[in-house]
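# Reading the structure
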Amino acid sequence: MPHINRNNRPIGIFDSGLGGLTVLGPLVDNLPAESTVYLGDLARTPYGARTSGEIREFAVEGLRFLAQHDIKALIVACNSASSVAMADLLSEASFQVFDVISPGAKMAALHSKSRSIGVIGTTATINSGAYELELKTLDINLRIFQADCPQLAPMIEKGIPGASAYVSVIRDCLARLPMQEIDTLILGCTHYPLVRNIFRAVCGEEVRLIDSGLATAEAIEEALRESGGLVEDPQKTDLNNRVPEGSREYYVTSTKVMNHMEVFRDMAQEFLGVESLSIKEAEIAGLASSSAPKPTSTTKT
Ligand code: DGL
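This next bit is on the overall build of the protein chain. Helix and strand counts for the protein chain come out as 12 helices and 11 strands. Over its C-alpha trace the protein chain gives a radius of gyration of 19 Å, about what one expects of a compact globule, namely 19 Å for 301 residues. Dimensions of the protein chain, computed from C-alpha atoms along their principal axes, come out at roughly 55 × 40 × 40 Å. The burial tally for the protein chain puts 55% of its 301 residues in the buried class. When contacts within the protein chain are restricted to residue pairs at least 6 apart in sequence, long-range pairs at least 24 apart make up 78% of them. As presented, the protein chain carries roughly 13500 Å² of accessible surface, and 51% of it is formed by carbon and sulfur atoms. Treating the 27 positive side-chain charges of the protein chain as one cloud and the 37 negative ones as another, the clouds have centres 3 Å apart.

Laid out in structure tokens, this is it:
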């Protein structure tokens, strides 16, 4: 249904799965009056092991689905899609489209004192060189060290319990980086902040962890404020002196893949601090013909 006040339209958020919750959480904290529609492509997660052609195709399908909800802006809350599909998304969209790479890169470049920055992410993100390009554009003298961590997002998505499996995967990944030089580590996958405590335990207190979700939520607030696109009168309170909350909608492309849907629901409830969540199945035409991704691994310096 078209909205009468165009600023009151929702913000669309897209990820391969539950990683986008790490953008949604801070966005809702900062801008509670904004309405949101979330799409997690659970039927085709993980994206990190997919070809850039597949990721571009899926991201455009995600955009088209969310566009049907009359969104005023789209957050590509997936580093893998942000790193390869932005040109396709921008040419398709009639609204603002935000990626998660540039805000995280900006925050890292701003804070690094040693000027040596580590980036970890999915194979698709690391192979794309998107962070390196963004960081070098900000400061050509930055030294950038990158490693992919292909197992991590799928483990989080499946809800593998206990810290020890995560510790060993994170240690193996960081062992491929010169951690004695790096003072800033970009968690270049929106799933990773969901295990931020484990990263903190493995890295120690000296390394600054950059959460691309948090950085993106802040960048969006600033961009919508500047363009006059924020929901009308966001501070207006109701009779109980509360700012009325925007509406929240959640869609996933499959409710049937293993226990992904239950993990999504539990993680969303825990991460967003809500008691119950209604999740609907999104109808996307291309789904039936998509096959499973093939895993690979990369280190780049
Ligand atoms: N959360 C996504 C990212 O930021 C995707 C993880 C995956 O599906 O492999 O890259």
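As a further point, take the packing of aromatic side chains. Under the counting rule described, the total for this entry stands at 6 aromatic pairs. Arranged with centres 6.3 Å apart and planes meeting at 40 degrees, the rings of Tyr 38 and Tyr 250 form a pair that is tilted. Here Tyr 250 lies in strand β9 (residues 248-252) and Tyr 38 lies in strand β2 (residues 36-40), a separation of 212 residues in the sequence. Residue classification places Tyr 38 among the buried residues on the basis of a relative accessible area of 1%. Judged by its relative accessible area of 5%, Tyr 250 is buried. Both rings, one in Phe 65 and one in Tyr 251, keep their centres 5.0 Å apart while their planes meet at 75 degrees; by these two values the pair is edge-to-face. With Phe 65 in helix α2 (residues 52-67) and Tyr 251 in strand β9, this pair connects stretches of sequence that are 186 residues apart. Ring pairing ties together the aromatic residues Phe 14, Tyr 47 and Phe 58, which thus form one cluster. Just above the ring of Phe 58 sits the side chain of Arg 44; from NZ or CZ to the centre is 3.8 Å.

Right, let's talk about the nonpolar core for a bit. Counting residues in hydrophobic clusters, the biggest one holds 56 residues, and the most contacted among them are Ile 120, Leu 152, Ile 156, Leu 185, Tyr 192, Phe 199 and Phe 264. It is helix α9 (residues 164-174) that contributes the most residues to this core, 6 residues altogether. With residues near it in sequence (within four places) discarded, Tyr 192 still touches Ile 120, Gly 121, Thr 122, Cys 149, Leu 152, Ala 153, Ile 156, Leu 187 and Phe 199. Of all hydrophobic cores here, the second largest spans 27 residues; its members include Phe 14, Ala 81, Phe 95 and Tyr 251.

Cis peptide bonds are those with omega within 30 degrees of zero, and the linkage from Thr 45 to Pro 46 qualifies with 0 degrees. Tracing the backbone through its elements, the reader meets Pro 46 in the loop between β2 and α2. A positive phi angle, close to 55 degrees, is found at Asp 70, a residue other than glycine.

Definitions and cut-offs
- Residues numbered from 1 in each chain as written.
- Predicted model: local features only at pLDDT ≥ 70, side-chain atom pairs only at ≥ 80, totals over all residues.
- Heavy atoms only, no water.
- Helix = DSSP H or I, 4+ residues; strand = E, 2+ residues; numbered from the N terminus.
- Rg over C-alpha atoms; globule rule 2.2 N^0.38 Å.
- Buried < 20%, exposed > 50% of the residue type's maximum accessible area, 1.4 Å probe, protein only.
- Contact = heavy atoms within 4.5 Å.
- Areas by Shrake-Rupley, 256 points an atom, 1.4 Å probe, with all protein chains shown as cover.
- Lys, Arg positive; Asp, Glu negative; His and termini not counted.
- Charge placed at Lys NZ, Arg CZ, Asp CG, Glu CD.
- Phe/Tyr/Trp six-rings, centres within 6.5 Å; stacked < 30°, edge-to-face > 60°.
- Lys NZ or Arg CZ within 6 Å of the ring centre and 35° of its normal.
- Core = buried A, V, L, I, M, F, W, Y, C linked by side-chain atoms within 4.5 Å.

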